[in-house]
Amino acid sequence: MNIKKNKRPAIALLIGTGVFVGLMVGVFAKAWQQAGAYGDPGTVEENSSKEGFRLFDGWGKGRGGIFGGGGHDKISYTMSLIESLYVDPVSVDSLAESVIPLILEELDPHSIYIPASDFAAVSEPLEGEFDGIGVMFNMLTDTVVVLNVIRSGPSDKAGVQNGDRIIRIDDSLVAGRKIPQDQIVRRLRGPRGTRVKLGIERQGAADLVPITVERGVIPIKALDAAFMIAPEVGFVKLSTFSRLSGSELQSALSELAVQGMRRLIFDLRGNGGGYLGQAIEIANIFLAKNELIVYTEDRDGKQDRMYSNGRGGFTEIPLVVLIDEGSASSSEILAGAIQDNDRGMIVGRRSFGKGLVQREIPYPDGSAIRLTIARYYTPSGRSIQKPYDNGTEEYRMDIYNRYSHNEMFSADSIRQDSTKYYTRSGRVVHGGGGIMPDYFVPVDTVGVTTYYQRVNGRNLIYRFAMDWADRNRARINSVVTTADLDALLSDYPRLVDDFVAYAARNGVAPDRQQIAISRQVLDAQLKALIGNNTALEYNGYYAKIYVIDTTILKALEVLKEMPAEVSN
């Protein structure tokens, strides 16, 4: 995907030596990507794209043509001169593809141009579905290995099983050819109703198993995980604010309530935003009637205030919301509403700082722009948008600068707007650069040794977990609850030792002292990856990884101190 936003090369992250070179670069890149750069969602008006064809009645019509100004401004005049007088033939459409991103770049970091070729892929996560065969797979070495088959999906109905290897797609051999994963995706996906023939290698079968799958609609779940993380404590993780996020969350919470949930951890870490309307819908689940959720203000000062409707089913449950530097936009709207209304506690690190609302406006050729049309403000009146006056490049370096200023490790190092805002109970909060949590949790590097960096850098932790799951496929496929996962893993107490031997066979010699320091981290990651390979998927992952997740552990502490019910 190549969304045209900024042609200047990205500035590389260089943070110290050792662990930070590997870990911090990944965190920075992920935070920027998930917070709205490169076409990720940000805060988008739902159904806003319908405005496009009203504004643009053909390329040369409507408000003076594509460049506006009745055709008399410099841009459209210059384009006309080039088209009619330039010495060589020139495609005006190609020029427009280059000019529009540059114009938007002068506005703000989140107004972007989306080429027609990328529009479907960019919109897909927000729409919540795509057409395909319904499997999760990984290219283990050079072979497509099916990790999970979506229940009741096309592949499930056709007989594809977890652990199957896809050797042929239609008439083409795909195993052993080192085909990039994105090309495999393109071959498996296609319009609903079309068919794809698979040649499957399966344990116990001497020959390839031929399976024909009719492609269908595959839902993209916005809710990564929802399970009981402790007695009476539910845990949910939302990855994006897509069109179905609110209904997904409501259903998950209802199921957890049946299982005995009396307190909740709501994880918005790494959630870069999405539809504004979904942030409102989810806030309604937790807020009592007539509480201000957010308000937006356009360039004319016109405000649109959004209040809770009081029909949510979880308005009194003790609540902790997790955020970090990758939580942006709609995540910040929700966290701000919870914080300013004193509805729950915010735990983690300062959020990204995006307080702009985009309207998606399509062009007739299938491309679109996402144009900033308003700023949003939390109930206390604070804007959480961080400054971008010095250009996109410096804006992108903000997360890097947070590491440079040590704020990822110390709350005292955080630079905040000095303006004071007040929650309903009178607590002081600040704006101008993200939501500051009520309880700060620094980046945790405990257990990260040179040995860990070497095995992690070679992807050996993941590869061992996938290989282990493959060798124990029958038991893996029998896991349907976290209790089943616990029982499975309890039969393999030497998991880390087996991994160390595997790593040695793959070029990383053991270092007993460093392994002792990293053992808990290795054990949790191996078990979490194995859990993710079961039908539990992310529920299995988070059920095992949270023991080394200092933010979740802090949230559990905070919940213990909160009253049994919230009074509104």
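For the structure, check the block above.
The structure contained in this document is the topic of the report that follows.

Procedures and definitions
- Residue positions are counted from 1 within each chain, in the order its sequence is given.
- Totals for whole chains, interfaces and linings use all residues, but because this is a predicted model, local features are given only for residues with pLDDT of at least 70 and pairs of side-chain atoms are given and counted only at 80 or more.
- Based on all heavy atoms of the structure, the side-chain values leave hydrogens and waters out of the count.
- Runs of H or I in DSSP of at least four residues are treated as helices and runs of E of at least two as strands, each being numbered from the N terminus.
- Type-normalised accessible area, obtained with a 1.4 Å probe on protein chains alone, sets the label of each residue: buried when under 20%, exposed when over 50%, and partly exposed for intermediate values.
- We call two residues in contact whenever any of their non-hydrogen atoms come within 4.5 Å of each other.
- Each nonpolar core is a collection of buried residues, namely Ala, Val, Leu, Ile, Met, Phe, Trp, Tyr and Cys, held together in the definition by side-chain atoms within 4.5 Å.
- Two strands form a pair only when DSSP identifies at least two bridges running between them.
- For every element, the axis is a line fit to its C-alpha atoms; helices are fit only across the contacting stretch, and the angle between N-to-C directions ranges from 0 to 180 degrees.

## Observations regarding the overall build of the chain
- Looking only at helices and strands, the chain features 20 helices and 23 strands.
- The buried share of the chain, reckoned over its 568 residues, is 51%.
- Looking at the chain alone, contacts between residues at least 24 apart form 71% of all its contacts between residues at least 6 apart.

## Notes on the nonpolar core
- The biggest cluster of nonpolar side chains holds 54 residues, and the ones touching the most others in it are Ile229, Phe235, Ile265, Tyr451, Val455 and Phe499.
- For Ile229, the contacting residues outside a window of four places in its chain are Phe235, Ile265, Tyr546, Ile552 and Leu556.
- Judged by nonpolar contacts, the second largest core, of 40 residues, contains Ala252, Ala279, Leu319 and Ile333.

## Looking at the sheet that holds strand S23 (residues 439–440)
- Across the sheet, 6 strands lie side by side as S11-S12-S13-S17-S18-S23; this open sheet has mixed pairing. One side of each edge strand has no neighbouring strand; the edge strands of this open sheet are strand S11 (223–230) and S23.
- The sheet contact formed by strand S18 (residues 345–348) and S23 spans 2 bridges and is parallel. For Gly348, the partnering residue across the bridge sits in S23 and is Phe440.
- Packing of helix H8 (residues 245–258) onto the sheet brings it into contact with S11, strand S12 (233–238) and strand S13 (263–267), and relative to S11 it is tilted by some 20°.
- Across the sheet, helix H20 (residues 550–561) touches S11, S12, S13, strand S17 (319–323), S18 and S23, and the angle it forms with S17 is around 160°.

## Side note on unusual backbone geometry
- The phi dihedral of Lys178 is positive, around 55°, even though this residue is not glycine.
- In this fold, Lys178 is placed in the loop between strand S7 (172–173) and helix H7 (181–188).

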